[in-house]
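Residues per chain are reported as follows:
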Amino acid sequence: MKRNITYILLLTLAMLSACDLDRLPMNGPTTGTFPATEEEATMGLLAAYKGLTLLDAANTPFLHVMDNISDIGYARPSNNYTSPITSSLTTDNALATKPWEYHYKTIARCHTVLDNLENIRNSISEEKFNQLDAELRVIRAYCYSKLIELYGDVPLVLNALGLDDANLPRTSKAEIQQWIIDEMSDVADHLPVAQPAYGNVRVGSVAAYMLKARVALYAKQFDMAAAASKKAIELANGVYALTQFDGSSQFANQDHLSGEPECSNIFGYDGYRNSSEWIWVFEYNQNISGNTHNQGYYFGSRLGKGCSYWGPTQNLIDSFQCIDGLPIDESPLYNANEPFRNRDPRLDMYCARPHARLMGFQFETNTTFDQVNNYWPLINGESNAPVVVSNTDSKNAYRTFSGYLWRKHTDNADYLTNSSRGVSDLNLGVFRFAELLLIYAEAKIESNDIDATVYEAIDQVRRRADMPELDKNLSQSQLRSILRYERKIELCNDGLRWYDIRRWGIADQVMNGVIYLNRNGNAWSSNVVVDIDENHTPVYDQAEAINYFTTQEVVYQINKDEVWPVPQQEIDINPNLTQNPGY
């Protein structure tokens, strides 16, 4: 099936690129008659799906950039990635302009089919017609869900535009949120529950209800979000579920001598083939021109033939609880002399820290480790022991700037192809069952409609990580705090943190002052962290912390940094567009 998608997509793009806007040739599709058949409509649909994969930054899918411009992730310092965390984005910054451009391009691809879909209504079954219509409308609604979170009010375009009707004003974010909710209400039941034959690249009704639930949650329509996510969970029964960590989870809280914790059975190539957790996936394929990325290189360690571009902050590392379910400022299990022992296993499953094994190598960022172990001879069966190699993860001038690296959304198979010109076709997960459970729990908590299902939704996620289940009879505020911990930890590097801290109203707290980095891999004292607050944000004794950590100044201006600037080039060509405040 996936080979068929590749073939049809290649054919689609070739045919669409050959269309003449001025004439209607008799031997192929045109913009005037397309789609004329079910096959053409399907090709147009697949072209819209491909459009979703084109948005990237630093050759990394955009979703996996977003957490690295927040309090939990950090990028190599540059104008593109330092400016959004220092309130200095400009109206022509590529990071801020690309989402506008690429989401509207994908919306336009949807309209290429939707505007003329009636042409084929009488030649195909009603079921097939409704499904094609529904899939295109889900893709379009998803694009708008991202546009309104990034830019606030945006033009709501519902058909292809001509030269005389292109100067549309901005539609309010609240109106578009309601439009998305209504759209998903209209189309969800016209979709199959799931489309596993296509690797969950094509959406089903679970994905449509989840999109409705996510948008309703962000819009603070909590009853609506609870109902939509409940419906999605019911439909998902027997189809989607959490995937248990593989046996490598035994190496969490251990050092490199024991083995390498991996989560590739969920977030790697094997995960996208076999995990039941993925509800919606963006597909990459090296057989399609322009349908790859180089995320493995940008995530990879220097010894892993990567450039260590993105990584977790010290603030995230210190947010992970101990295995008793208590934060590090309260747990008797926490020892600052061995800070990576007795911690929530997701610290090691999702992040790479000193003294662990990463991509087959001992990972050390402190210069005292002049040489480290290379385990690839052992992994490949060429030797019974590792070999010693020079430690470029501490010597290279462009080693990790945060002191840590992401393990989540990487796969050791990319070690074979990592390079500055390398390519990866590791898929991009968009909707995941773990997030669906947490949407449901948060919506019920915020509605103050707390029952056993709320505890079970959160506990499912915690049990998978071998973390203790929740105490019962907790207050709304206690459950809110726990929910925010789970979203911060379980969904880290999934691209949701940037949005969470804004909708919760805490961005001005966590993104003002400094974030802490440990580029030199220093040990630190127990006096560094003085508190973990109700949002599971570490509070530092700065005078103590700067003895061990480097810092990055962060600035967040209220009534400005909730959104990004409208690209200046769009304002220049559309006089009805206005700029966001502060830009």
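Just so you know, these numbers come straight off a predicted model, no measurement behind them.

1. With respect to the overall build of the protein
Inference 1: The number of helices and strands found in the protein is 23 helices and 16 strands.
Inference 2: What you see for the protein is a C-alpha radius of gyration of 24 Å, in line with the 25 Å of a compact globule of 583 residues.
Inference 3: Each of the three principal axes of the protein carries a C-alpha extent, and together these read 75 × 55 × 50 Å.
Inference 4: Within the protein, the proportion of its 583 residues that are buried is 61%.
Inference 5: Of the contacts formed within the protein by residues at least 6 apart in sequence, a portion of 72% connects residues at least 24 apart.
Inference 6: On the protein, roughly 22100 Å² of surface is accessible, and the fraction owed to carbon and sulfur atoms is 47%.
Inference 7: Charge-centre separation for the protein: the mean point of 49 positive side chains lies 3 Å from the mean point of 73 negative side chains.

2. Digging into the confidence of the model for the protein
As a general rule, the predicted coordinates of low-pLDDT regions are not to be interpreted in detail.
Inference 1: On average, the protein scores 94 in pLDDT, and the residues at 70 or more come to 95%.
Inference 2: Here residues 1-28 is a poorly scored stretch, pLDDT under 50, and it has 39 contacts once near neighbours within four places are set aside; other chains count.

3. Comments concerning the environment of Leu-45
Inference 1: Checked against the element boundaries, Leu-45 lands in helix H2 (residues 38-51).
Inference 2: Residue class for Leu-45 comes out buried when judged on its relative accessible area of 0%.

4. What about the packing of helix H17 (residues 433-446) against helix H18 (residues 452-464)?
Helix-helix packing is characterised by the crossing angle of the two axes and by the distance between the axes.
Inference 1: One can describe the packing of H17 onto H18 by two numbers: an axis separation of 9 Å at closest approach and a directional angle of 145 degrees. For the element pair H17 and H18, the recorded crossing hand is left-handed. In this structure, H17 uses Phe-433, Ala-434, Leu-437, Leu-438, Tyr-440, Ala-441, Lys-444 and Ile-445 to contact H18, whose residues at the interface are Thr-453, Val-454, Ala-457, Ile-458, Gln-460, Val-461 and Arg-464.
Inference 2: A per-class count over the contact of H17 with H18 returns 11 nonpolar, 2 polar and 2 charged.

5. Observations concerning H18
Inference 1: An ideal rise of 1.5 Å per residue puts 18 Å on 13 residues; H18 measures up with 18 Å between its terminal C-alpha atoms.
Inference 2: Residues Val-454, Tyr-455, Ala-457, Ile-458, Asp-459, Val-461, Arg-462 and Arg-464 constitute the buried set of H18.
Inference 3: On its buried side, H18 packs onto helix H10 (264-267), helix H14 (346-350), strand S12 (428-432), H17 and helix H19 (476-490).
Inference 4: Two residues or fewer after H18 comes Asp-466, characterised by a positive phi angle close to 60 degrees.

6. With respect to the nonpolar core
Inference 1: Formed by 165 residues in total, the largest nonpolar core has its most connected members in Tyr-144, Ile-180, Trp-280 and Trp-564.
Inference 2: Excluding residues that lie within four positions of it along the chain, Ile-180 makes contacts with Ala-141, Tyr-144, Ser-145, Ile-148, Leu-211 and Val-215.
Inference 3: Counting 10 residues, the second largest nonpolar core, distinct from the first, contains Leu-303, Ala-352, Leu-405 and Tyr-415.

7. A few points about the packing of aromatic side chains
Inference 1: Evaluated as defined, the whole model comprises 29 aromatic pairs.
Inference 2: A ring pair is formed by Trp-100 and Tyr-151, whose centres lie 5.2 Å apart and whose planes are at 80 degrees; its orientation type is edge-to-face. Here Trp-100 is found in helix H5 (residues 94-114), whereas its partner Tyr-151 is found in helix H6 (residues 126-151), with 51 residues between them in sequence. Across the pair, Tyr-151 and Trp-100 agree in class, each one buried.

8. As for unusual backbone geometry
With the exception of glycine, most residues fall at negative phi, and the peptide bonds are largely trans.
Inference 1: Cis peptide bonds are those with omega within 30 degrees of zero, and the linkage from Phe-34 to Pro-35 qualifies with 0 degrees.
Inference 2: Of note, Ser-308 is a non-glycine position whose phi angle comes to about 50 degrees, a positive value.
Inference 3: If you trace the backbone, Ser-308 turns up in the loop between helix H12 (295-299) and strand S5 (310-312).
Inference 4: If you check the backbone angles, Asn-559 has positive phi at about 70 degrees while not being a glycine.

9. A closer look at the pattern of salt bridges
Inference 1: Counted by the stated rule, this structure contains 34 salt bridges.
Inference 2: The partner of Arg-503 in a salt bridge is Glu-442, with the nearest N and O atoms 2.9 Å apart. Taken as a pair, Arg-503 in helix H20 (residues 497-503) and Glu-442 in helix H17 lie far apart in primary sequence, 61 residues in all. Comparing Arg-503 with Glu-442 shows no difference in burial state: the two are buried.
Inference 3: Asp-449 is the partner of Lys-444 in a salt bridge, and the nearest nitrogen-oxygen pair spans 3.0 Å.
Inference 4: Looking at Lys-444, the relative accessible area reads 7%, which means it is buried.
Inference 5: Among the residues examined, Asp-449 registers a relative accessible area of 41% and is labelled partly exposed.
Inference 6: Through salt bridges that share partners, Glu-277, Asp-344, Arg-346, Lys-408, Arg-432, Arg-462, Arg-464, Glu-486, Glu-490 and Asp-494 make up one connected network.

10. Overview of H17
Inference 1: With 14 residues, H17 should reach 20 Å at 1.5 Å per residue; the first-to-last C-alpha distance of 20 Å fits that figure.
Inference 2: The element H17 is largely enclosed, with a buried count of 13 among its 14 residues.
Inference 3: Within two residues after H17, Asn-448 carries a phi angle of roughly 55 degrees, on the positive side.

11. Side note on the pairing of strand S4 (residues 278-282)
Inference 1: Burial of S4 is extensive: 5 of the 5 residues sit out of reach of the surface.
Inference 2: Bridge count for S4 against S12 is 4 bridges, and the pairing is antiparallel. Bridged to Trp-280 within S12 is Phe-431.

12. Section: the packing of H5 against H6
Inference 1: Put simply, H5 and H6 touch, their axes get as near as 9 Å, and they point 160 degrees apart. The angle between the axes of H5 and H6 places the two elements in the roughly antiparallel class. Like other packed secondary-structure pairs, H5 and H6 cross with a definite hand, here left-handed. Within the contact between the two elements, H5 uses Ala-96, Thr-97, Pro-99, Trp-100, His-103, Tyr-104, Thr-106, Ile-107, Cys-110, His-111, Val-113 and Leu-114 and H6 uses Asp-133, Leu-136, Arg-137, Ile-139, Arg-140, Cys-143, Tyr-144, Lys-146, Leu-147, Leu-150 and Tyr-151.
Inference 2: Partitioned by chemical class, the residues of the contact of H5 with H6 number 15 nonpolar, 4 polar and 4 charged.

13. Digging into the state of the cysteines
Inference 1: The tally for this structure, following the rule as stated, stands at 0 disulfides.
Inference 2: Between Cys-143, a cysteine without a disulfide, and Cys-110, which holds the nearest cysteine sulfur, the sulfur-to-sulfur distance is 6.2 Å.
Inference 3: With a relative accessible area of 0%, Cys-143 lands in the buried category.
Inference 4: Its sulfur unpaired, Cys-492 is 4.9 Å from the next cysteine sulfur, which belongs to Cys-351.
Inference 5: Assessed through its relative accessible area of 0%, Cys-492 is described here as buried.

So, how was this worked out
- Residues numbered from 1 in each chain as written.
- Predicted model: local features only at pLDDT ≥ 70, side-chain atom pairs only at ≥ 80, totals over all residues.
- Heavy atoms only, no water.
- Helix = DSSP H or I, 4+ residues; strand = E, 2+ residues; numbered from the N terminus.
- Rg over C-alpha atoms; globule rule 2.2 N^0.38 Å.
- Buried < 20%, exposed > 50% of the residue type's maximum accessible area, 1.4 Å probe, protein only.
- Contact = heavy atoms within 4.5 Å.
- Areas by Shrake-Rupley, 256 points an atom, 1.4 Å probe, with all protein chains shown as cover.
- Lys, Arg positive; Asp, Glu negative; His and termini not counted.
- Charge placed at Lys NZ, Arg CZ, Asp CG, Glu CD.
- pLDDT = per-residue confidence, 0-100.
- Axes fitted to C-alpha atoms, helices over the stretch in contact; angles between N-to-C directions.
- Left-handed = near helix turned anticlockwise from the far one by under 90°.
- Nonpolar A, V, L, I, M, F, W, Y, C, P; charged D, E, K, R; others polar.
- Expected span 1.5 Å × (residues − 1).
- Core = buried A, V, L, I, M, F, W, Y, C linked by side-chain atoms within 4.5 Å.
- Phe/Tyr/Trp six-rings, centres within 6.5 Å; stacked < 30°, edge-to-face > 60°.
- Salt bridge = Lys/Arg side-chain N within 4 Å of Asp/Glu carboxyl O.
- Pairing = 2+ DSSP bridges.
- Parallel < 35°, antiparallel > 145°, perpendicular 65-115°, else oblique.
- Disulfide = S-S within 2.5 Å.

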